[in-house]
Amino acid sequence: MSKPKCPHCGVKLGNFLYADACPHCHEELKHNTKPLIPAPKKDSQKPKPWAIRLFSRIMRFVDS
């Protein structure tokens, strides 16, 4: 969540409420830079979409 003041110098952030760094002391605002939702992890065991499309096209060709 965003905090109304910089935790380092105590300056009101005002329009910079969602900034990555404080406009006064230029310290990183860690509460604004950390991701809220972790990125989904890739499943290496999951088949690739292009391989499935290629396989289905070959199957349709063989069946016809």
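Note that the coordinates shown come from a computational prediction; the quantities given were computed from them, not determined experimentally.

Novice: I'm lost on the overall build of the chain in this one. Help?
Specialist: Across its full length, the chain carries 2 helices and 0 strands. On C-alpha atoms alone, the chain measures out to a radius of gyration of 24 Å, which is more than a quarter above the 11 Å that the 2.2 N^0.38 rule sets for 64 residues. In terms of overall dimensions, the chain has a C-alpha envelope of 70 × 20 × 15 Å along the principal axes. Of all 64 residues assigned to the chain, the portion counted as buried reaches 11%.

Novice: Mind showing me how you'd approach helix H2 (residues 49–63) here?
Specialist: Three or four residues apart is the spacing at which side chains of an α-helix point the same way, because the helix has 3.6 residues per turn. The end-to-end C-alpha distance of H2 is 21 Å, a good match for the 21 Å that 15 residues give at a rise of 1.5 Å each. Burial runs low along H2: only 0 of the 15 residues are buried.

Novice: Explanation requested: the environment of Trp-50 in the structure shown.
Specialist: Here Trp-50 lies in helix H2. Taking the C-alpha atoms as reference points, Trp-50 and Val-62, separated by 12 residues in sequence, lie 18 Å from one another.

Novice: Sorry, what's going on with the environment of Cys-6 here?
Specialist: On the secondary structure map, Cys-6 appears in the segment before helix H1 (30–33). Of the residues examined, Cys-6 reaches a relative accessible area of 3% and is grouped as buried. Spatially, the C-alpha atom of Cys-6 lies 27 Å from that of Ala-39, the residues being 33 residues apart in sequence. Dropping the residues within four chain positions of it, Cys-6 is found in contact with Val-11, Leu-13, Cys-22, Cys-25 and Leu-29.

Novice: For this particular structure, what's the right way to read the pattern of salt bridges?
Specialist: For side chains bearing opposite charge, pairing can occur when the charged atoms are close. Counting across every chain of the model gives 1 salt bridge. In this structure, the salt-bridge partner of Lys-30 is Glu-28, at a minimum N-O distance of 3.6 Å. Classification of Lys-30 by relative accessible area gives exposed; the value is 58%. Glu-28 sits in the partly exposed class, given a relative accessible area of 40%.

Novice: What should I look at first to understand a nonpolar patch on the surface in this one?
Specialist: Together, Trp-50, Leu-54, Ile-58, Phe-61 and Val-62 make up an exposed nonpolar region whose accessible area comes to about 590 Å². Given a relative accessible area of 55%, Trp-50 falls into the exposed group.

What counts, and at which threshold
- Residues numbered from 1 in each chain as written.
- Predicted model: local features only at pLDDT ≥ 70, side-chain atom pairs only at ≥ 80, totals over all residues.
- Heavy atoms only, no water.
- Helix = DSSP H or I, 4+ residues; strand = E, 2+ residues; numbered from the N terminus.
- Rg over C-alpha atoms; globule rule 2.2 N^0.38 Å.
- Buried < 20%, exposed > 50% of the residue type's maximum accessible area, 1.4 Å probe, protein only.
- Expected span 1.5 Å × (residues − 1).
- Contact = heavy atoms within 4.5 Å.
- Salt bridge = Lys/Arg side-chain N within 4 Å of Asp/Glu carboxyl O.
- Patch = residues over 30% accessible without salt bridge, like charges linked within 9 Å, V, L, I, M, F, W, Y side chains within 5 Å.
- Areas by Shrake-Rupley, 256 points an atom, 1.4 Å probe, with all protein chains shown as cover.

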